[in-house]
Amino acid sequence: MPPPTKPVDVPAFARTQLALLDAELQSEIQETSGLISAASPASLQRAGLAVTNLVVSSQRTGLGGRTVLELSPDGATSGTGELPEHGVRTGDIVLVSEQPAGSAKKREVKDLERKGAKGVVTRIKRDVIAVAIDEDKEDAASFPGRVWLVKLADDVTYRRMNQTMEKMRDMPESEYSSFMRVLFGLSSPSPVPSDLAKDSEVGEGKIEWFDPMLNDSQKDAIRFALASSEIALIHGPPGTGKTHTLIELILQLVKRNLRVLVCGPSNISVDNIVERLSPHRVPIVRLGHPARLLPSVLSHSLDVLTQTSEAGAIVKDVRAEMDAKQASIKKTRSARDRRAIYADLKDLRKEYRERERACVGALVRGSKVVLATLHGAGGYQLKNEEFDVVVVDEASQALEAQCWVPLLRARKAVCAGDHLQLPPTVKSTNSKTKTKTKAAKLGGGGAEEEDGVVQKGASLETTLFDRLLKLHGSAIKRMLTTQYRMHEKIMRFPSDELYGGQLVAADAVKERLLRDLPYEVQDTEDTSEPVIFVDTQGGDYPEKNEEEEDGDGKGGKKMSAKSLFGESKSNEMEAALVKAHVKKLVEAGVRAEDVAVVTPYNAQLGLLAPLKESFPGIELGSVDGFQGREKEAVIVSLVRSNTEGEVGFLSEKRRLNVAMTRPKRSLVVVGDSETVRKGSKFLNNWMDWLENNADLRYVDSASL
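Criteria and thresholds
Residues numbered from 1 in each chain as written. Predicted model: local features only at pLDDT ≥ 70, side-chain atom pairs only at ≥ 80, totals over all residues. Heavy atoms only, no water. Phe/Tyr/Trp six-rings, centres within 6.5 Å; stacked < 30°, edge-to-face > 60°. Helix = DSSP H or I, 4+ residues; strand = E, 2+ residues; numbered from the N terminus. Buried < 20%, exposed > 50% of the residue type's maximum accessible area, 1.4 Å probe, protein only. Lys NZ or Arg CZ within 6 Å of the ring centre and 35° of its normal. Pairing = 2+ DSSP bridges. Axes fitted to C-alpha atoms, helices over the stretch in contact; angles between N-to-C directions. Contact = heavy atoms within 4.5 Å. Parallel < 35°, antiparallel > 145°, perpendicular 65-115°, else oblique. Left-handed = near helix turned anticlockwise from the far one by under 90°. Nonpolar A, V, L, I, M, F, W, Y, C, P; charged D, E, K, R; others polar. Disulfide = S-S within 2.5 Å.

Trainee: So what's going on with the packing of aromatic side chains? Which residues, and what values?
Mentor: For the structure shown, the criterion picks out six aromatic pairs. An angle of 55° between the planes, with centres 6.4 Å apart, marks the rings of Phe179 and Trp404 as tilted. Placement of Phe179 in helix α5 (residues 178-183) and of Trp404 in helix α13 (residues 400-407) is noted, with a sequence separation of 225 residues between them. An identical accessibility class is assigned to Phe179 and Trp404; each is buried. Cation over ring: Arg357 sits above Tyr380, and NZ or CZ is 4.0 Å from the ring centre. In this arrangement the basic side chain of Arg629 is found over the ring face of Phe626, its NZ or CZ atom lying 4.7 Å from the centre.

Pasting the structure below:
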């Protein structure tokens, strides 16, 4: 075990984070504004940043007394009445404004913001998007005609992270909790007894498992997390039942009468836990807007509890009165009457808020387990709440500053994740260089910053999970080792190369193939092989630098996909090979919905889009977007093929680890081994392994 690194200066850490977060927010704002003013609404929609041709179908009062606009497709442009494919998600910050005519000149964001209304997406269904509008814009929210909605940079999340970092920057050392001291290496973690023998006394009494079917590595991780005083890391490689383990841990903590706050970076990571906890009849409350309002999650969400609890009944009548006022706005013609209604609404909202807060306070205090996204834990609902344990799921996919939002109210933390998969997406890649000067400004400037109090080489990509492992070594970590997803052969390379050969395939999965699916599938060369490598070496399948035509009628300018998709690459011949393979699988009886095609490049996804029409139900996705997911069969298109051996961000082994660990029964890799192997030692090893262990195929380009 490597010796622990030196302790961290907390104020300097916080100043550095503030500088990095500022650079990140600026680059996000710049990117958004640049796109909105340069691209047509239609191409913004294709890039997942906008939804066009909408009308306001209704207006009502939502949580916090805010006005909620329901936006539906304009009947004149939508035959089906359903929303088009779009990339807007619940919780996104959006701008709703009148839609410019197709040939409208450059749209500046400031201009749109002035005329439009900013808000948060609270619900998405097939035919409607609900947006809670910012208060100061409510009178602007009566749009007569067609509107569109554009995603903006999420400054709410940044505000919460900044507040937390400012608090840590200014906190005197005498106020650091012993938990905080350990997480910054100012003191060592309390030792954990080395003989956590089978279900011995941990905390208090013998452990009685809620799920006796847990495997040994899962039980070991739970015992370790219960016995740790300040911090425990649970390392869950792909398919090893990380969430399952956390559910048992949470139940064990509640049984010990501890109060638990459970957080994750995304709504879906939190909802996943809510769903699995709800059958256990533990009092739980879910803060924030559940991402997909799954019935099981909905009944625990604050939104519904405030309406169904006794305390909520008092809130209801004020809400009804507000709704009546909202409805009357549409009927009033005179501006004076409208102003009077808005003034009434303001008073009602104040009363509503006070009642709602009292109701929310009662619900949160009565809950053993509170669940929220990391930044959601910074809301008013938890203002003075303390927790015995904070559990952070997907901790290796969250910014560290985000983790501190809940961690400041913790006495102990358990972080679960896999630092060998992709870290959080960071846009300001060049922020490292700016850190020093920016941080000096933010920290009040002065010589001490120049002397290295601001941490050199700091990057937002370094997660709390990474940093703690480096700081305290593997003594604070336990790894889950039985995986329940992949055929043994699919698992073999990532296990040997990244997980020290420790992964073991569970009996139920280790030999299962596509031909053994629970419905009829023919036994063919494609359904009886777990790993297939279609090697395109030889230069017949060159990659292309993507340029997207974005004509807007008059003198349509070429807009490179660099602006919408990052500098993206595509490979037509590879796309043709992927299509041919999908066709063979479906003809052999594999259902399209059991197949996914993933690729690191968005431009390649564009070429593969026709697969959706030919094989309804098939999933296409970027590798980054497919993290955390699984499918029976996964085809990976590597795209890169050039004489220089340039592989771009294929050289990131964490990205490839995600790509190769998504399938259950069949992994098909399509790529040019000659180009790819030049990218890194890891890629070279992978190409060697595929050549020796996969079903190797070469395709004659003339046959396509």
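Trainee: Requested: an account of the sheet that holds strand β11 (residues 389-392), with residues and values cited.
Mentor: A sheet is described by the order of its strands in space; here seven strands give the open sequence β9-β10-β8-β11-β12-β7-β13, paired in parallel fashion. Since the sheet does not close on itself, it has two edges, and those belong to β9 (284-286) and β13 (477-479), each with one partner. The sheet shows a mean angle of 15° between the axes of neighbouring strands, direction not considered. Pairing of β9 with strand β10 (residues 369-373) involves three bridges; the strand directions are parallel. Residue pairing for β10: Arg286 is matched across the bridge by Leu371. Together, β7 (231-235), β8 (260-264), β10, β11 and β12 (413-417) form the strand contacts of helix α7 (residues 242-255), whose direction differs from that of β12 by roughly 165°.

Trainee: Give me the packing of helix α1 (residues 10-38) against helix α4 (residues 155-170): which residues, what numbers.
Mentor: Here α1 crosses α4 at 160°, and the two axes come no closer than 8 Å. As summarised for this structure, α1 and α4 are arranged roughly antiparallel, according to the angle between their axes. In this structure, the crossing between α1 and α4 has a hand that is left-handed. Judged by residue contacts, Val10, Pro11, Phe13, Ala14, Arg15, Gln17, Leu18, Leu21, Glu24, Leu25 and Glu28 of α1 engage Asp155, Tyr158, Met161, Asn162, Met165, Glu166, Met168 and Arg169 from α4. Its residues placed into classes, the contact of α1 with α4 shows 11 nonpolar, two polar and six charged.

Trainee: Describe the packing of α4 against α13, naming the residues involved and giving the relevant values.
Mentor: Across the interface, α4 lies against α13 with an axial gap of 9 Å and an inter-helix angle of 70°. It follows that α4 is roughly perpendicular to α13 by the angle criterion. Contact with α4, carried on its side by Thr157, Arg160, Met161, Thr164, Met165 and Met168, involves Ala401, Gln402, Trp404 and Val405 of α13 and no other residues of that element. Its residues assigned to classes, the contact of α4 with α13 comprises six nonpolar, three polar and one charged.

Trainee: Give a description of the environment of Ala153 that names residues and reports values.
Mentor: For Ala153, the location among the structural elements is in the loop between β6 (147-151) and α4. For Ala153 and Ile93, which are 60 residues apart along the polypeptide, the C-alpha to C-alpha distance reads 6.8 Å. Residues in contact with Ala153, not counting those within four places in the same chain, are Leu25, Glu28, Ile29, Thr32 and Ile93.

Trainee: An account of the state of the cysteines is requested, with residue identities and associated values reported.
Mentor: A full pass over the atoms with the stated rule returns zero disulfides. Take Cys263: it sits in no disulfide, and the sulfur closest to it among the cysteines is that of Cys403, at 8.8 Å. Assessed through its relative accessible area of 1%, Cys263 is described here as buried. We note that Cys415 lacks a disulfide partner, and the nearest cysteine sulfur, in Cys403, lies 6.2 Å from it. Overall, the relative accessible area of 0% leaves Cys415 in the buried class.

Trainee: Before we move on, could you go through the sheet that holds strand β2 (residues 67-73) and cite the residues and values that matter?
Mentor: Neighbouring strands of a sheet are bound in pairs by backbone hydrogen bonds; such pairs are parallel or else antiparallel. Pairing is antiparallel around the closed barrel formed by six strands, whose spatial order is β1-β2-β5-β4-β3-β6. The mean inter-strand angle of the sheet, taken between neighbouring strand axes irrespective of direction, is 45°. Note: strand β3 (residues 93-98) against strand β4 (residues 117-124), four bridges, orientation antiparallel. Opposite Leu95, over in β4, you have Lys118 as the bridge partner.

No statement about biological role is implied by the geometric values presented.
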